[in-house]
Amino acid sequence: MLNPYGEPSDGLSTPNPRQWMGTRLLNSQRTGMARCFIWALLLGWALGCAPPPPASPPNILLIVVDTLRADHVGLYGHERETTPNLDRLAADGSFFRRAYAQSSWTLPSMTSLLTGLLPHRHGVGRDPDVARRFGRLAPEIPTLAEQLLAVGYATGAIVNNVFLAPEFGLQRGFGEDYDYQGASKASIRSAEESVDAALAWIEPSRHPYFLLLHFMEPHLFYDPAPQVRGTFTGDGEPPIPVPFGSDRAIRVLKKSRPGPASEELEYLKRLYDEEILAVDRAMGRLFGELEKRSDWENTVVIVTADHGEEFFDHGGFEHGHTLYGELTRVPLVVHGPGLDLGEIGGVVEHVDLSRGILGLAGVPSDKGLGGDDLFSTIKRGEMLEPGTSISENTLYGPARLSYLDGDYRMHLLPEEKRVEIWELNADGLETRRLVSPESNREIERMKLALAARRGHLSASAVAEGPELSEKELSQLMALGYLNEE
Ligand SMILES: [Zn+2]
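Every value quoted in this text rests on a predicted model; they were computed, and no experiment measured them.

Definitions and cut-offs
Residues numbered from 1 in each chain as written. Predicted model: local features only at pLDDT ≥ 70, side-chain atom pairs only at ≥ 80, totals over all residues. Heavy atoms only, no water. Axes fitted to C-alpha atoms, helices over the stretch in contact; angles between N-to-C directions. Helix = DSSP H or I, 4+ residues; strand = E, 2+ residues; numbered from the N terminus. Parallel < 35°, antiparallel > 145°, perpendicular 65-115°, else oblique. Contact = heavy atoms within 4.5 Å. Nonpolar A, V, L, I, M, F, W, Y, C, P; charged D, E, K, R; others polar. Buried < 20%, exposed > 50% of the residue type's maximum accessible area, 1.4 Å probe, protein only. Donors = N, O, S within 2.8 Å, 3.2 Å for Na, K, Ca; no water. Tetrahedral: all angles 85-135°; square planar, octahedral: opposite > 155°, others 65-115°. Pairing = 2+ DSSP bridges. Polar contact = N/O pair within 3.5 Å; in protein donor to acceptor, adjacent residues only side chain to side chain. Core = buried A, V, L, I, M, F, W, Y, C linked by side-chain atoms within 4.5 Å.

Caption draft 1: Up close: the packing of helix α2 (residues 84-91) against helix α8 (residues 262-291). Running from N to C, α2 and α8 point in directions that differ by 50°, and their axes come no closer than 7 Å. One way to sum up the angle between α2 and α8 is to call them oblique. Each of P84, N85, L86 and L89 in α2 lies in contact with α8, whose residues at this interface are L277, D280, R281, M283, G284 and F287. Split into classes, the residues belonging to the contact of α2 with α8 amount to six nonpolar, two polar and two charged.

Caption draft 2: Expanded view of helix α10 (residues 350-360). A large share of α10 lies buried, amounting to ten of its eleven residues. All of the buried residues along α10 are H350, V351, D352, L353, S354, R355, G356, I357, L358 and L360. Immediately downstream of α10, the backbone of G362 shows phi near 80°, a positive value.

Caption draft 3: Main features of the coordination of the zinc ion. Listed as protein donors to the zinc ion are D66 (OD), T106 (OG1), D306 (OD) and H307 (NE2); their distances from the metal cover 2.0 to 2.1 Å. Considering all four donor atoms around the zinc ion, the spread of angles at the metal, 91 to 131°, places the coordination shape in the tetrahedral class. Positions of the donor residues of the zinc ion along the chain correspond to the pattern D-x39-T-x199-D-H. Residue D66 is found in the loop between β1 (59-65) and α2, and its partner T106 is found in helix α3 (residues 106-115); the two are separated by 40 residues along the sequence. In this structure, D66 and T106 share a single accessibility class: buried.

Caption draft 4: How the structure looks around the sheet that holds strand β12 (residues 388-392). Pairing is antiparallel across the open sheet formed by five strands, whose spatial order is β12-β13-β14-β15-β16. Bordering the open sheet on either side are β12 and β16 (430-433), each of which pairs with just one other strand. Mean inter-strand twist for the sheet, computed between neighbouring axes without regard to direction, equals 25°. As defined by bridge partners, strand β15 (residues 418-424) adjoins β16 across three bridges and the pair is classed as antiparallel. Its bridge partner lying in β16, W422 is registered against R433.

Caption draft 5: View of the side chain of E310. Among the secondary structure elements, E310 is positioned in strand β7 (residues 310-311). At 2.9 Å, the side chain of E310 and the backbone nitrogen of G316 are in polar contact.

Caption draft 6: Here's a closer look at the nonpolar core. Grouped together as the largest cluster of nonpolar side chains are 108 residues, with contacts concentrated most on I63, F244 and F375. In terms of residues, this core owes the most to one element, α8, which gives twelve residues. Not counting the four nearest positions on each side in its chain, F244 is found in contact with L220, F221, Y222, A249, I250, L253, L268, L271 and F317. Of all hydrophobic cores here, the second largest spans twelve residues; its members include V351, Y403, M410 and L434.

Okay, structure coming up:
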């Protein structure tokens, strides 16, 4: 027996304490609001005037930068000025120091963001048991775009990753306005071109709108555009081939022991930072144009990433192979009416953001979703301490699952019967691995907490997959995704 979210109706019904508290608070708030409304009506009647009309729902611009790890963003303390425009947006809005994606690669992460469900519940990711099988979103699971469309939003998407191809199901709710151009490593629609497409789509008649805008630059290849090239790398002879990212170059890099030479690694990071700078400049132009428009005051801008990138933090490179913080901690900046709250330190995750987007649009929250309404929680003044986060599904290697609870994070590899417990620093990154018996106590506590939130399910629940075209298969291979087992 499956419920509308494609999950068994038993086994997952354990109430989430955070959700329960949120519901309780919302219920008491609703009662209070109803009383206020009645008093407002009576007062209006007494004074001979009507109560003020409800505020119109805001435009929602959701920007996702592919492969952007939080600690390479200026406002998160990066040493190079990679994101002056995003930093400025955050200065007038809010940013979350400890925000997490639900996975470390595009397909499951974006599906969580666009449905509000954890990966084991939407089932869209890699099936570790069947080669080249990725789940497709089941038709009974609603997308954010479908729900926003149903309450009167104009919906559009400009996306550039092959894992966002319509075959995976995330195009639902965008209709004809799902503008998808699958990138290869060597050829992508640039951030500037994507901003042109966004500005052309955002017309005054489209109000309120929900636009998903996705940028691809920080993903391999690292091949910064001429206008940013050299900003951080200088004009000397590169110690690695540029553009960087050919299968051969990556194989050589991954096999190098004990890792690349420090000047090669430093150069890679600087190239990556130049790609981020190119995205930031395009975003700056977008924000500048939108600020001139009359509906800017009623527009919520959200900037986040689908996942990060590893530079040998845990002995690896790229993304999709583990769930450590360099891959799952993402930037999250929000800007809009009532959102000028500055830095927020509590743990939040993408499913909180999904539910928050529905809340902004007045779509009733469904308790079946995985998170709390981000925006109503922060507007109530709760800073989400200490918070938990779940990340699942990897593109390579054995199935993995991670559970973050306050200052600790547990990484489970069920097939290998292996569990790691890590202490986290103030930024939410793994710094010290606990050893027995210190870890045994923590493992037992966290396993219980994880089961209460997620249920005892296999780490790799994957739905039926789409038939991929030859073109998509070749694009996935060009990105290196099908050669790595
Ligand atoms: Zn991605």
